[in-house]
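# What the coordinates show
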Amino acid sequence: MIDLSLSAEQRNIVEGASTLLREHSPVARLRSGRTRDDIRRRLAGWGWFAVGLAENAGGLGLTIAEEALLYLEAGPFLLSPSVLATTLAAGLVDPALRAELIAGNRSAALAMTTGDGRAYCFDRDDAAVIVAIDGDETLVYPVEAFAGELVAGLDETLAQAKGRLDG
């Protein structure tokens, strides 16, 4: 029989992430008229973007299981897609940009492609790169590779653009 219970270390990660998100990223922050607090630096200070990176790459050297636990905790707090994109980018970019991403100084935007050359890009405004999910591939593009226009999204807290990724 396989034991699927969490280890003590994994329980600590879940509890720490839950506490951080409850204190600094409550869903109430998304209500109209509230100021938008950028949680990115708090997540970076906690080590969020470095959890799955090897220690010799500036990471914590944990596994995809621990990363998955973080994102299970993040779901109810409606974090920006740029949090996932930044985590993915940290494992795919050069060491200098990786250091900026895991420190919370820079972020990545997330793009979803439609298979016919079109793409939807989320929170591109201050991103250093765009991480695109294209079928079974994850690709990193310079921000300039996306050309498009802002469109009305699901809500006003998430900047969404529709366009094309070239390169």
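Note that this is a predicted model, so its numbers are computed, not measured. (Residues numbered from 1 in each chain as written. Predicted model: local features only at pLDDT ≥ 70, side-chain atom pairs only at ≥ 80, totals over all residues. Heavy atoms only, no water.)

With that settled, consider helix H4 (residues 81-90). Most of H4 is tucked away: seven of the 10 residues are buried. Among the residues of H4, Ser82, Val83, Ala85, Thr86, Thr87, Ala89 and Ala90 are the ones counted as buried. Where H4 is buried, its residues touch helix H2 (40-46), helix H3 (64-74), helix H5 (95-102), strand E1 (107-113) and strand E3 (127-134). (Buried < 20%, exposed > 50% of the residue type's maximum accessible area, 1.4 Å probe, protein only. Helix = DSSP H or I, 4+ residues; strand = E, 2+ residues; numbered from the N terminus. Contact = heavy atoms within 4.5 Å.)

With that settled, the discussion passes to the packing of helix H1 (residues 8-24) against H3. Interhelical geometry of H1 versus H3 gives an angle of 30° and a closest axis separation of 9 Å. One element, H1, and the other, H3, form an angle in the roughly parallel class. Relative to H3, H1 is oriented so that their crossing is right-handed. Contacts between H1 and H3 involve Gln10, Ile13, Val14, Ala17, Ser18 and Leu21 on the former and, on the latter, Ala65, Glu66, Leu69, Leu70, Glu73 and Ala74. Tallied by class, the residues present in the contact of H1 with H3 amount to eight nonpolar, two polar and two charged. (Axes fitted to C-alpha atoms, helices over the stretch in contact; angles between N-to-C directions. Parallel < 35°, antiparallel > 145°, perpendicular 65-115°, else oblique. Left-handed = near helix turned anticlockwise from the far one by under 90°. Nonpolar A, V, L, I, M, F, W, Y, C, P; charged D, E, K, R; others polar.)

For serine 82, the position within the fold is in helix H4. Using a relative accessible area of 14% as the deciding quantity, one classes serine 82 as buried. Sequence spacing of serine 82 and leucine 165 is 83 residues, and the spatial spacing of their C-alpha atoms is 17 Å. When neighbours within four sequence positions are excluded, serine 82 is seen to be in contact with Ala108 and Asp123.

The next thing to look at is the nonpolar core. Leu21, Leu43, Trp48, Phe49 and Leu79 are the most contacted members of the largest nonpolar core, which has 19 residues in total. Looking at which element gives the most residues to this core, the answer is H1, with four residues. Not counting chain neighbours up to four residues away, the residues in contact with leucine 43 comprise Leu20, Leu21, Trp48, Phe49, Leu79 and Val83. (Core = buried A, V, L, I, M, F, W, Y, C linked by side-chain atoms within 4.5 Å.)

Turning next to the sheet that holds E1. A sheet is described by the order of its strands in space; here six strands give the open sequence E4-E3-E1-E2-E6-E5, paired in mixed fashion. Where the open sheet ends on each side, the last strands, each with one partner, are strand E4 (137-142) and strand E5 (146-151). Averaged over all pairs of adjacent strands, the angle between strand axes in this sheet comes to 30°, irrespective of strand direction. Sheet analysis places E1 next to strand E2 (residues 118-122), joined by four bridges and oriented antiparallel. Bridge pairing in E2 places methionine 112 opposite tyrosine 120. Running at roughly 100° to E1, H4 makes contact with E1, E2, E3 and E4 of the sheet. (Pairing = 2+ DSSP bridges.)

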